[in-house]
Amino acid sequence: MDSRHITAIIRFLWTPLILSFIVLTIVLIVWASGDSVVARTITDGLIRTVLVIGLYIFIGNSGVLAFGHIAFMLIGGYAVAWLTMSPFKKSFALDLPAILADNQFPLFPSAIAAGLLPAIVAFIVGIPIMRLSGIAASIATFAVLAIFYTIYSNWDSWTFGASTLVGIPLYVNMWVALGWTVFAIFTAYLYQQTKYGLALRSSREDEVAARAAGINIPVQRLIAFVLSAFFMGIAGVLQAHFLGSLIVNGFWLGITFLSLAMLIVGGQRSLTGAVVGVIVVSTIVELLRQVEAGIQFGNFEFSLPGGFQELGLAVLMIVILIYRPWGIMGGHEVPWPFGHGKRILAGGFALAPPLPKDERK
Amino acid sequence: MTASAPIVITENASSDKLEVFDVSVDFEGLRAIDDVTLSINNREVFGLIGPNGAGKTTLVNVLTGFQKPTTGRVLLGGRDVTGWTPHKLGRNGLSRTFQAVRLFRDLPVVENLEIAAIGTGLGRREASKRSIEILKWMDFEHKAFDQADTLPYGEERRVGIGRALAMAPRFVLLDEPAAGLSDAECDDLMSIISKIPSNFGCGVLLIEHNMRVIMGVCERIHVIDSGKTIAQGSPSEIQNNPDVIRAYLGSKTE
Amino acid sequence: MLQLIVQIAVDAISLGSLLALTALGIGLIFGIMRLINFAHGDFIMLGAYALIVPSAADAAMMFIGVWPAPILVISVIAILIVVALASERIAFRPLRTADPSILLITSFALSFFFQNLVLMVYSGRPKGVPLWPDLVKPIYLGPIRVPELHIITVCVTLALLVLLVLFLKKTTIGVQMRAASEDFRMAQLLGVRGNRVIAAAFAISGLLAAVVSLLFVSQTGTLSFKMGVPLVLFAFVATVVGGMGSLVGAVLGGFVVGVSSIVFQAILPMEMRMNDDAWVFALVLLILLVRPGGLVSVKALQERV
Amino acid sequence: MLEVENLHVHYGRTPAVRGVSLDVKEGEIVCVVGPNGAGKSTTLSTIAGTQAPTEGSIRLGDNSVVGRSPENIARMGISLVPEGRHVFTQLTVEENIRLGTAVRKDRDQIESDFEEMLQHFPFLSGRLKTPGGKLSGGEQQQLVIARALMTRPQIILLDEPSLGLAPIIVDTVYSILHALRDQGITLLVVEQSTHRALENADRIYVLRRGQIELHGKSADLTDTELERAYFGFDEQESTSQGTTS
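Definitions and limits used
Residues numbered from 1 in each chain as written. Chains lettered and ligands numbered in written order. Predicted model: local features only at pLDDT ≥ 70, side-chain atom pairs only at ≥ 80, totals over all residues. Heavy atoms only, no water. Contact = heavy atoms within 4.5 Å. Buried area = accessible area lost by both parts, 1.4 Å probe. Salt bridge = Lys/Arg side-chain N within 4 Å of Asp/Glu carboxyl O. Polar contact = N/O pair within 3.5 Å; in protein donor to acceptor, adjacent residues only side chain to side chain. Helix = DSSP H or I, 4+ residues; strand = E, 2+ residues; numbered from the N terminus. Nonpolar A, V, L, I, M, F, W, Y, C, P; charged D, E, K, R; others polar. Axes fitted to C-alpha atoms, helices over the stretch in contact; angles between N-to-C directions. Parallel < 35°, antiparallel > 145°, perpendicular 65-115°, else oblique. Left-handed = near helix turned anticlockwise from the far one by under 90°. 1 Å grid on protein atoms, 1.4 Å probe; cavity = no way out; pocket = protein on both sides within 12 Å on 5 of 7 lines; lining within 4 Å. Points joined across faces, edges and corners; volume = space filled by probe spheres on them. Pairing = 2+ DSSP bridges. Buried < 20%, exposed > 50% of the residue type's maximum accessible area, 1.4 Å probe, protein only.

**Side note on the interface of chain A and chain B**
So, point 1. Contacts between chain A and chain B engage 29 residues on the former and 36 residues on the latter.
So, point 2. At the boundary of chain A with chain B, total buried surface from both sides reaches about 3000 Å², with 67% on carbon and sulfur atoms.
So, point 3. At the boundary of chain A and chain B, one finds three salt bridges.
So, point 4. The shortest N-O distance in the salt bridge between A:Arg269 and B:Asp106 comes to 3.0 Å.
So, point 5. Between chain A and chain B we count nine residue pairs in polar contact (both at pLDDT 80 or more) in total.
So, point 6. Examining the composition of the side of chain A that touches chain B, we find that six residues originate from one element, helix H11 (residues 195-205) of chain A, more than from any other.
So, point 7. By residue class, the composition of the side of chain A that touches chain B is twelve nonpolar, eight polar and nine charged.

**Description of the packing of helix H3 (residues 36-62) of chain A against helix H10 (residues 174-193) of chain A**
Residues and elements named next belong to chain A.
So, point 1. Here H3 crosses H10 at 15°, and the two axes come no closer than 9 Å. Considered as vectors, H3 and H10 are oriented roughly parallel to each other. In the packing of H3 onto H10, the handedness of the crossing is left-handed. For the pair formed by H3 and H10, the contact residues are Ala39, Ile42, Thr43, Leu46, Ile47, Thr49, Val50, Ile53, Tyr56, Ile57 and Asn61 on the first element and Met174, Ala177, Leu178, Trp180, Thr181, Ala184, Ile185, Ala188, Tyr191 and Gln192 on the second.

**A closer look at empty space enclosed by the protein**
So, point 1. Per the counting criterion, the structure on display carries five cavities of 30 Å³ or more.
So, point 2. Of the volumes computed, that of the largest cavity is approximately 200 Å³.
So, point 3. Taken together, 17 residues form the lining of the largest cavity, with B:His209, B:Asn210, D:Pro35, D:Asn36 and D:Arg209 sitting closest to its centre.
So, point 4. Here the residues of the lining of the largest cavity are counted per class, giving eight nonpolar, five polar and four charged.

**Overview of the interface of chain A and chain C**
So, point 1. Counting residues at the interface gives 40 residues for chain A, matched by 38 residues for chain C.
So, point 2. Interface of chain A and chain C: buried area, both sides summed, is about 3400 Å²; carbon and sulfur atoms make up 88% of it.
So, point 3. Counting the surface chain A buries against chain C, the share from its top three residues, A:Ile139, A:Phe257 and A:Leu311, is 17%.
So, point 4. Counting across the chain A and chain C interface gives zero salt bridges.
So, point 5. Considering every element that reaches the side of chain A that touches chain C, the biggest residue donor is helix H8 (residues 134-154) of chain A, with twelve residues.
So, point 6. Residues that form the side of chain A that touches chain C fall into these classes: 33 nonpolar, five polar and two charged.

**Overview of the sheet that holds strand E5 (residues 63-64) of chain D**
All names here are of chain D.
So, point 1. With antiparallel pairing, the four strands of this open sheet are ordered in space as E2-E1-E4-E5. The sheet terminates laterally at strand E2 (14-24) and E5, the two strands that pair on one side only.
So, point 2. The pairing of strand E4 (residues 55-60) with E5 spans two bridges and is antiparallel. The residue of E5 that forms the bridge with Arg59 is Ser64.
So, point 3. Packing against the sheet, helix H1 (residues 40-48) makes contact with strand E1 (2-11), E2 and E4, and its axis sits at approximately 110° to E1.

**Some details on the pattern of salt bridges**
So, point 1. Here the structure, examined in full by the defined rule, presents 36 salt bridges over all chains.
So, point 2. Here B:Arg124 makes a salt bridge to B:Glu114, at a shortest N to O gap of 2.9 Å. In this pair, B:Arg124 sits in helix H4 (residues 124-137) while B:Glu114 sits in helix H3 (residues 109-119), placing the two residues ten residues apart along the sequence.
So, point 3. The closest approach of N and O atoms between B:Glu155 and B:Lys143, which form a salt bridge, is 2.9 Å. Of this pair, B:Glu155 sits in helix H5 (residues 153-165) while B:Lys143 sits in the loop between H4 and H5; the two residues are twelve residues apart in sequence, bridging distant segments of the chain.
So, point 4. In this structure B:Glu155 comes out as buried when scored by relative accessible area, which is 18%.
So, point 5. On the basis of relative accessibility, which here comes to 18%, the residue B:Lys143 falls in the buried class.
So, point 6. Three or more residues joined by partner-sharing salt bridges are found here, namely A:Arg204, A:Glu205, A:Arg269 and B:Asp106.

Quick look at the structure:
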């Protein structure tokens, strides 16, 4: 493998490399500063990133605005609680079957299992729903969320009903969240470069032309739906292990709105947009929160009334949408800054750079 | 055009035909296609013409599965494919272009072609390879990484044809490929179209209004008006057929 | 038994009425500009909060709420018409040509804005508001007891539906609205003022929201900054079930969702009754899978090849 | 009265109209003919304001039309009947007709105009309460003409009024257009059929690939001239000569 080939591979992986580098840099800075409060904020942001990437895998590639993905986060979060809470703590709130009630399973396999469960659910509900398009598809996914939300709210023996379930082991810190974020970035990117991802993106651009090109749209959507449900589940897992508690009410409209807002502000049509959206919206929220708490200008303290943070966020979102309807990134990935070079296709097929016009003949 | 074009797919049986038997299509009581029968041979360029509103696009939609015929059958290589979904027909060797081009606008040119190749069941590696061969054949590989919606119009149309060819079709349906092209671009287009049958081993159904293009590349021409067949024959027969002239230019009411 | 059946029927029709009115408010605007206005629920909420004095105190002090009924009704309607028109002018007009998904998210943001505005001014705690307490008492139809309020709700809904139909059929702007929702461009080509028609639609949606908010508050007697959310959710689902873009569909969908919600609550065995919303949404899912275009499907929304 | 000068229109980067100039004088029927994709419809919709020109001027009398919204252009007195008729299918026939009065200020004239319309199109009077969608194609075409007339326009732009109609109904439609012209109404008609144009128009423009190929009074033009311009056969001959020599 010569250096040109390595360059080509780096170029191919440029987007996930840069995005990972950005989040890593943020984490390292915070780690070096040793500020534990900020570290918690960042961990929270990383979990959000996994969440928004999960949304992006389906919404971004298919162009179908799905409202129901938080259902998969809910399923993943509770699944991991059933698996990893200590039998002693489970006995306080839950009334699970013996195999779950009496055992505490290892963390990592449990996390995987808790990601797979929503993926399986997505597969089952996706078979009929993925045939729908447009607004009907959006509502159908929302119906799925509403159904799971209602069931989980009332399923006392498994979820502690509408009350807060506590006692989930705390093991997610900044580094664990970072690991999953980087994994999500690479998986989402590689998926969108596979033939499946490409086929799905074609249906986003033009359903009619995609069908004529031999693409089975429901099948392609289903693949993305399942993969995205897995990451949504993982986001639920991370949140459960980060907060140590779960409440069904936390998986409803608030988080649905916030995560969609992040995706759309960043730009729903690119992975970079998804990540940028999380960073921008989280930063805005954080800044507004600090202004709300009060800032010192010399002797003069300036602060805003409580609730200003949310109002500011809503106004900023509307302004961004008015001026950049396709989000900050407008559908673009991180550009390759080093000009023309040998370029490698996702299929591994190398293509020579275009020759200058006069040399071609 | 490059002279040494790679032959991408040629293994199709030359016996196969794309046939339409007694097809009619009704839209809310209005008969858009009225009992049309036609048959396209493999490796020929077959023209379908008719004035605006004659039902050409409806017929193409029937052939490619976007429209179910009210009555009649469509046969592909002797197999009854009436009522198949578009993607299934695509996988079985029927590809098309669109009047409105309908490129995947946010994606690069090469991926536009790759998607069609993937649609026929290829993996990405083979799909890239086939796409690049076709782009080279069309003398277009220098724009492989340009995003589709940055291309000028004539080039968009060319990519549309490339995309249809990337499916290694047995038959390719070109829906008004010359609309809006300049004369020079039309000449390029004609030379591409006339080379398609021998290079790709497929039949071409060409729907076009530009008579120069139709007369220049078709071996046989089928004319419909108000959904009915009014003439078929060689270009010279059609050109001198009074019914055809009348259909286009309107009846002379003395 | 008869008492029970009538009770269920009255409840069902009453809830169906509120949802139908809310769905109409959403459907009217969707028909014309392809915007699903999630903030409509918050119009309803704002109308309810207009009844009390702005304050973060726990106990609500009535403000507009103690005015004589006619003035009260007119004031709330006027306030919500202004809110609806301002929303259109500030948030939606600049995005008129944007993708429907962007418009939808904008309405999310607007909804978020209104909710937090109220949260900031009035605090988040639910407040008791006794609006027209006399209406809660039942009236007797022979042996059958029915809350007066439910009767009023149904009558008001019917009256509004009739008025709306008359408005859409008999007035110039009403006919223009129907034309614009079928073919906006063609209507403009005939000189119909797009801005005026859209503004009229928003004004009517504000009026509908005001009526729903008064009926709803008199039924529940409480205010909460999230009170519009379940209404708008169910109404939104109703417009989709009824068929997006069809006003008849919106009303029909409102009743289907409202009635099925009450009926599920009544007929399900006790242990499944807690999950009645889940059953409603399962029904919605089923309807969509069988008829993706909704019960009354609208041609203009189907894409041509 | 209507003057279009050096009009260029692009769809995205696609040139659809390339330097078209035409004019219509008061009381004339002017036909624009040409094959599909020639830019005829684009020209009309640009005049009516649903498409923005990249270059050129459009004037109605002394007023420029460019940059105004379709509704304002309609209010200036230009009424477009687009291709495909666009009857409001859910509105009754009467509502369709009366929608055309949205632009008018002379409220008192409307009723007499309405009566007049019913005389022009007698079939309408029996079907005033019928939804527009229930009319046949020919009836719909007449309805949209009536609707356009109700705006009392200075000029009506008709995009392929004969498209999709049986020949006998086309004759009816054109006889109506003649009657209108005799009353002094100005018409700019896009038509595919050159013969129909020759029969009905005072002047004809042949459009091909976005440019005016030929222009003249219909009395001065011959079939052959028109056919050549329409199909571009001249060029075909010259190219074939070019290749043989």
